[in-house]
Amino acid sequence: MSTKTKNEQSVYVYEVPIRLWHWINALAITVLAITGYLIGSPLSSLSGEAYEHFLMGYIRFAHFAAGYVFVIGFIGRIYWAFVGNSHAKQIFLPPIFSGKFWSEVWHEMKWYLFIAKEPKKYVGHNPMAIIFMHVMLVWGTFFMIFTGLALYGEGAGFDSWQYSWFSSWIIPLFGQSQDVHTFHHLGMWVILIFVMMHVYVAFREDIMSRQTLISTMISGWRTFKDNRKD
Amino acid sequence: MSIIQTPNGYTLDSSGTRHVVDPVTRIEGHMRAEVNINSDNIITNAVSSGTIWRGLEVILKGRDPRDAWAFVQRICGVCTGTHALTSVRSVEDALGINIPENANSIRNIMQLSLQIHDHLVHFYHLHALDWVNPVNALKADPKATSALQQQVSPHHPKSSPGYFRDVQNRLKKFIASGQLGPFKNGYWTNPAYLLPPEADLMAVTHYLEALDFQKEIMKTRTIFGGKDTHPNWTVGGVPCPINMDDTGAVGALNMASLNQVHQIIKDTKTFVDNVYIPDILAIGQFYKGWLYGGGISGSNVLAYGDIPDRANDYSAGNLMMPQGAIINGKLSEVHPINLRDPNEIQEFVPHSWYKYPNGVKGLHPWEGITDPNFDVSSAKGTKHNIEELDEAAKYSWIKAPRWKGHAMEVGPLARYIVGYAQGHEYFTEQINYTLKTLDVPLEALFSTLGRTAARALEAQWAADQQLYFFEKLMKNIKNGDSTTHGGEMWDPNDWPAEAKGVGFSEAPRGALGHWIKIKDQKIENYQCVVPTTWNGSPRDEAGNIGAFEASMMNTKVEVPEEPVEILRNIHSFDPCLACSTH
Amino acid sequence: MTETFYDVMRRQGITRRSFLKFCSLTAAAMGLSPAYAAKIADAMENKPRIPVLWLHGLECTCCSESFIRSAHPLAKDVILSMISLDYDDTIMAAAGHQAEAIIEETIEKYDGNFILACEGNPGLEQENTGGMSCIIAGKPYTEQLRYAAKHAKAIISWGSCASWGCVQAASPNPTGATPIHKVPDLGNAPIIKVPGCPPIAEVMTAVITYMLTFERLPSLDRQGRPKMFYSQRIHDKCYRRGHFDAGQFVEKWDDEGARKGYCLYKMGCKGPTTYNACSTIRWNGGLSFPIQAGHPCIGCSEDGFWDKGGFYNRLSGINQFGVEENADKVGIGAATVVGGAIAAHAAISALKRSQNKGDQA
Ligand code: HEM
Ligand code: HEM
Ligand code: NFV
Ligand code: SF4
Ligand code: SF4
Ligand code: F3S
Ligand SMILES: [Mg+2]
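Residues numbered from 1 in each chain as written. Chains lettered and ligands numbered in written order. Predicted model: local features only at pLDDT ≥ 70, side-chain atom pairs only at ≥ 80, totals over all residues. Heavy atoms only, no water.

Structural notes on the overall build of chain A
What counts, and what does not: Going along the chain from the N terminus, every DSSP run of H or I of four or more residues is numbered as a helix, and every run of E of two or more is numbered as a strand. Think of it in three bands: with a 1.4 Å probe and only protein chains considered, a residue is buried below 20% of the maximum accessible area for its type, exposed above 50%, and partly exposed in between. Two residues form a contact once any of their heavy atoms are found within 4.5 Å.
Looking only at helices and strands, chain A has seven helices and two strands in total. Secondary structure elements of chain A occur, N-terminal to C-terminal, as β-α-α-α-α-α-α-α-β. Each principal axis of the C-alpha atoms in chain A carries an extent, and together these give about 70 × 40 × 35 Å. Taken over 230 residues, chain A has a buried fraction of 50%. Residue pairs at least 24 apart in sequence account for 63% of intrachain contacts in chain A once pairs closer than 6 positions are excluded.

What follows is the structure, given as structure tokens:
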């Protein structure tokens, strides 16, 4: 399938579930961040009778719906880490005991600090991306899911599974409900900052690195711009 | 041991036997009293110590001034709300915020409810057992009790022999159970109790009636403030809006809730007139020979004044409770007071468990410092087991506030004396009537019993003023003004970089002031000088003793091991220790 | 031994026969089968009113004040007929050593069989440094507390002081005020937290009557609060919830929305994060509750509610990140820094790229 020309070789990197998850996830996060922000700081009041409106209700509903998409998507993504190709595991298991990995991280850092002239070539993610994705996105997602479900359990009530699996221990762990809100809210900013950097880097590397990025996340194929090793 | 002459006229002789009362019970909080009693059973030296401290003034630093009311309200749950009111006033003073007329009426009704409630509960549930012997009530003839009741209060409906018999039976059953509950280990054989059994039974019955009724009084505050105790307040007005005509009125004061306020006010007045006042006069009749405990009430009293008639005017002329100071018992001269003057009100700590920087003696509250320094090294006992305090050293968590260097008594009696001296019509009439009914001279006022009577009279006055403010509120709404919050300066961005203010009120126990300094939208310093800080103060730099200590002096104690008389004197101030030290 | 109801009746000249008859009449009056008469007789013969020692620490005594506001049952009836309130320095007749002796006596007679009600909390900081901030009979309050706690059947932590620490534990907690369950060396008696500043009167009396009626502790949540009153948030049963869902908020004091009873969320209402029964049981005999009177809930039954930023802010303060920040301020601040860095990085990247292109050409 791949068209291997002299300086253009392609590898199939991201399987369908990964790509599907990536874009659904991106959409879910967008909805969650917008609705979440509005839960914390609601829009201006509507006038009239209460029964005529359900604005806050819809905003919260959208948040919860996107929240469940986010949760289920993530569960699917974890499943795919087991059954998918080797790249599917990368963001979950950064090879932190490998010296080579860290030297590559170091190289990437130099590349971003304009010290290295050229980035290396990677079939999967570059090592810096792995670190970032692992810490901010994977753990950030866990955190948002756990705190989000803990908050959800409060509304669902003592008898709900969300309450007994999450709220019952997460709320005391943080101190009280309000602290869970605060940290859930802070978590949003962690993820948003990740997204900012991630999207910037995706465009930048798409232009400046030696491989394709954005089209890879769409088609699954990684195309290299040169055929030098490394 | 030596004999000490205090500048305020007391001879302290600590040669007699030392008696310790710790805890002093039936008060708010924790307090210790120590006295020396001579061979004639007379108290010749008295020491009172506040034994609780929480550090609210330290906690308040750096916080949002608009939140301060909630913190300081928790200084005390007995005079709940008076600190909150004083706090919002201090912030409003600092920032120049005006509150709407309706807010003023509502705040006044809330404050007056507190006065009445606090006085009533104090008399029946904290003080009465110093005068009333529940065990003796078992001997009463219910018929004779009924006759007594009808004689002292012809309008009180609960007065049949059967009613008193029922109460007596319940009491019998209770006492016969052997589980005496709160009456356990009381001093029921002490000869200091003078009431005949019928009066005892009547008073015990009212102990129970008052316990049932008191919760009604405070419902005004539940309607305006959402809960009692610890209702809600806000800087700039009151949180409850008024909505008489429009939809959604369940979220606001409406005709139904205002009707309820009206009814509570009327019922309150009836109870005070029919039960509290007659009981005071009846009990007073039997004890009018027991005129100990005057302390410094006959010489130095202080009142800040409260209950502004029109909103935002805190000048003496607009305050319905009197303002002023009397020194050396000179009723002919009421001194004006100024809470802002750095030389008038100052707090001293040579005998308090705090420290000031070297060389500093007294501090005006705007410059006040709260820096704990517990030290009992010269007391008898160990540091975690005090046997006898050393009053020559530090011995109390209460600071010693002084007005122009004088130890002052504050409270209902102080207010009544200042009011009387100023010719306050209502007060004067009440005082004259009481003195005449009991057939005692004016001097009898300066006593433990006078203090207890003044509190009841004030409850009666307050009940009438509630009605005045209720009518005022309704009239204002009728005229089309239903504003309860002006919204002025709510946003901290509108505040000056630095501001300072003082809020004051007459709390049930006396003059209360909060001094606030605001810097960069935050509290820089917050100092409270509280009624029980005044009354319960330890000695000062010059050796003046405070009102509690003075009241115990020269009192005869029937049975030194049973401190009924000490309790009587101390209780007549209605001490609140959580307040005093905060 | 203590006198039971039966002893009392006997002493009053009532025969065993009429005592038993009284028991069967009581059973009939309660609609119970005659078999219950024996149970009632047994209870009356053997059960004195349960003694309660109500201790006071660092506090404002508002919990006691709230307690006496109870309408159902009346505080009077609780004190005279249900429990035996043997020690409570706020209302007891005895003082000084006569008062303190009662604790001793109660432990002697009812070891392991009385309820310890704690209002307020001890300040451990002063004690650890050789001082005392709550002194009873010349000794630290902690001593009295430990002594009684070790012999109690159960401990009730009244209010937010005893349950969480409350106002005196607010930062910087100058006295080291410590909630009851965190006081070291307190023995093993179960602790029931009844938080609130103060708790609702009827909730307080209900907790007591529950224990007396069913002879067991109420079922508690993970944090030790009776589920019956603390398993839902104010927000879950708030009558203004319709306005919350509709997006109708009070924007400022006394505005149109305030007068119409809109939701107080934007005024900082902590109803969504506060577990208490205010919106269901309400206060003072079901009369009202803070939100009904136009003020946002300040979260007074929650742990550390004093230190969550201003009461009128929806988002809590995060003091770890400076004096006065909330999640959005921290987040927007960080995002701005990162955004700036990205922009700068992009500019340099573009510059480098054009230079490199130049090099290659
Ligand atoms: C909420 C927004 C987004 C999130 C949370 C997100 C997250 C992620 C994650 C976790 C991966 C790794 C996928 C894996 O290995 O499973 C990834 C890869 C990728 N994302 Fe996103 N993404 C977001 C938005 C975007 C957008 C808007 C773009 C494009 C403009 C984009 C472009 C890419 C690319 C190109 C990759 C592959 C990078 C590589 O091969 O090294 N992402 N993203
Ligand atoms: C990237 C993921 C997420 C983001 C950015 C996000 C963001 C937010 C924000 C900013 C808030 C407002 C917090 C406050 O200030 O009170 C919020 C509230 C909430 N979130 Fe999320 N959230 C995410 C995921 C989730 C998930 C997975 C769930 C679970 C279903 C969830 C459930 C909730 C709930 C129940 C609330 C409280 C709603 C309320 O108080 O009315 N969130 N979220
Ligand atoms: N002293 C005092 Fe208070 C009063 N009244 C307050 O200011 O009691 Ni708690
Ligand atoms: S919990 Fe609140 S109301 Fe109760 S004593 Fe403590 S400060 Fe007072
Ligand atoms: S007023 Fe408070 S508790 Fe009620 S619905 Fe609004 S946010 Fe919830
Ligand atoms: S402030 Fe407290 S009283 Fe109830 S409504 Fe909130 S928990
Ligand atoms: Mg002070």
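A word on a nonpolar patch on the surface
Residues and elements named next belong to chain A. This is how the line gets drawn: Residues enter a patch when their relative accessible area is above 30% and they make no salt bridge; the linking distance is 9 Å between like charges and 5 Å between nonpolar side chains (Val, Leu, Ile, Met, Phe, Trp, Tyr). Per-residue and other accessible areas were derived by the Shrake-Rupley procedure at a 1.4 Å probe size, with only the shown protein chains allowed to occlude residues. Take a side-chain nitrogen of Lys or Arg and a carboxyl oxygen of Asp or Glu: if they are within 4 Å of each other, that pair is a salt bridge.
A cluster of nonpolar side chains, Tyr12, Val16, Leu20, Ile24 and Val69, forms an exposed patch at the surface whose accessible area comes to about 430 Å². With three residues, helix 1 (residues 16–40) is the single largest residue contributor to the nonpolar patch. Summarising the element assignment, Leu20 is placed in helix 1.

Quick look at the site of ligand 4
Condition: The nearness test applies per residue and asks whether one of its heavy atoms lies within 4 Å of the molecule or strand.
Around ligand 4, 14 residues are found, and the nearest of them are Cys60(C), Cys63(C), Ser160(C), Cys161(C) and Cys197(C). Ligand 4 sits at the junction of chains B and C, each of which supplies nearby residues. Put simply, the parts of the chain that give the shell around ligand 4 at least two residues each are helix 4 (62–67) and helix 9 (159–163) of chain C. Top element by residues in the shell around ligand 4 is helix 9 of chain C. It accounts for three residues.

A look at helix 8 (residues 141–149) of chain C
For clarity, the threshold we go by: Picture the helix axis, draw a direction to every C-beta atom, and the arc is the one those directions span.
What helix 8 of chain C keeps buried is the set Tyr141(C), Thr142(C), Gln144(C), Leu145(C), Ala148(C) and Ala149(C). For helix 8 of chain C, the angular spread of the buried residues around the axis is 160°, confining them to a single face.

Digging into the sheet that holds strand 14 (residues 400–403) of chain B
Residue and element names in this part refer to chain B. Basically, it comes down to this: At least two bridges found by DSSP between two strands is the condition for calling them paired.
Across the sheet, three strands lie side by side as 11-10-14; this open sheet has antiparallel pairing. The open sheet has two edge strands with one neighbour each: strand 11 (362–363) and strand 14. Here strand 10 (residues 345–348) pairs with strand 14 via four bridges, running antiparallel. Each residue of the ladder has a partner; that of Gln346, found in strand 14, is Arg402.

Brief notes about the coordination of the nickel atom of ligand 3
All names here are of chain B. Quick reminder of the rule: Only N, O and S atoms count as donors, using a 2.8 Å cut-off from the metal and 3.2 Å for Na, K and Ca, and because water is excluded some sites may appear unfinished.
The protein atoms donating to the nickel atom of ligand 3 are Cys76 (SG), Cys79 (SG), Cys576 (SG) and Cys579 (SG), with metal-donor distances spanning 2.2 to 2.8 Å. A distance of 2.8 Å spans the gap from the nickel atom of ligand 3 to the iron atom of ligand 3, which Cys79 bridges by coordinating each metal. Residue Cys79 is classed as buried on the basis of its relative accessible area, which comes to 2%.

Things to note about the site of ligand 1
Residues and elements named next belong to chain A. Our working definition: For the purposes of these results, a polar contact is taken to be a pair of N or O atoms within 3.5 Å, where, inside protein, one atom must be able to donate a hydrogen and its partner to accept one; residues adjacent in sequence count only when each atom of the pair is a side-chain atom. Here the nonpolar group is Ala, Val, Leu, Ile, Met, Phe, Trp, Tyr, Cys and Pro; Asp, Glu, Lys and Arg are the charged ones; every other residue, Gly included, is treated as polar.
Lining the immediate surroundings of ligand 1 are 22 residues, of which Tyr14, His22, Arg77, His125 and His198 lie closest. One of the side-chain nitrogen or oxygen atoms of His125 is found 2.5 Å away from an oxygen atom of ligand 1. In this structure, His198 approaches ligand 1 through a side-chain N or O atom, which is 2.7 Å from a nitrogen atom. Those elements giving two or more residues to the shell around ligand 1 turn out to be helix 1, helix 4 (127–156), helix 6 (177–208) and helix 7 (214–219). Taken together, the residues of the shell around ligand 1 sort by class into 17 nonpolar, three polar and two charged.

Quick look at the side chain of Asn476(B)
All names here are of chain B. When you line up the elements, Asn476 lands in helix 12 (residues 448–478). Overall, the relative accessible area of 18% leaves Asn476 in the buried class. There is a polar contact of 2.8 Å between the side chain of Asn476 and the side chain of Asn102. At 3.0 Å, the side chain of Asn476 and the side chain of Asp481 are in polar contact. Not counting residues within four places of it along the chain, the set of residues in contact with Asn476 comprises Glu101, Asn102 and Asp481.

As for the coordination of the iron atom of ligand 1
Where a metal carries four tetrahedral donors, each ideal angle is 109.5 degrees; where it carries six octahedral donors, the ideal angles are 90 or 180 degrees. All names here are of chain A. So the rule is basically this: Irregular is the default label, applied whenever a site is not tetrahedral (four donors, all angles between 85 and 135 degrees) and neither square planar nor octahedral (four or six donors, opposite donors over 155 degrees apart, all other angles between 65 and 115).
Distances from the iron atom of ligand 1 to its protein donors, His22 (NE2) and His198 (NE2), fall within 1.8 to 2.0 Å. Of note is the iron atom of ligand 1, whose six donor atoms meet at the metal with angles of 86 to 178° in an arrangement that counts as octahedral. Here His22, found in helix 1, pairs with His198, found in helix 6; they are 176 residues apart in sequence, far enough to count as distant. Of the residues examined, His198 reaches a relative accessible area of 24% and is grouped as partly exposed.

Some thoughts on the packing of aromatic side chains
All names here are of chain B. As a reminder of what qualifies: What counts as a ring pair is set by centres within 6.5 Å for rings of Phe, Tyr and Trp (its six-membered ring), and what kind of pair is set by the plane angle: stacked under 30 degrees, edge-to-face over 60, tilted for all other angles.
Under the definition given, this model contains 56 aromatic pairs over all chains. For the pair Tyr314 and Phe504, a centre-to-centre distance of 6.1 Å together with 75° between the ring planes defines the contact as edge-to-face. In this pair, Tyr314 is assigned in the loop between strand 7 (306–308) and strand 8 (319–321) and Phe504 in strand 15 (residues 498–507), connecting sequence segments 190 residues apart. Under the relative-accessibility criterion, Phe504 is labelled buried at 11%.

Points about the side chain of Thr205(C)
All names here are of chain C. Looking at the element boundaries, Thr205 is found in helix 10 (residues 201–214). A residue is classified by how much of its surface remains accessible, and Thr205, at 0% relative accessible area, is buried. With near-sequence residues (within four places) excluded, Thr205 lies in contact with Phe67, Ser70, His72, Pro73 and Val78.

Examining the confidence of the model for chain A
Selection criterion: Confidence of the predictor in every single residue is expressed as pLDDT, which spans 0 to 100.
Within chain A, residue pLDDT values average 92, and 97% of them lie at 70 or more. Throughout residues 1–6 of chain A the model reports pLDDT below 50, and contacts reaching past four residues in sequence, or to other chains, amount to seven contacts.

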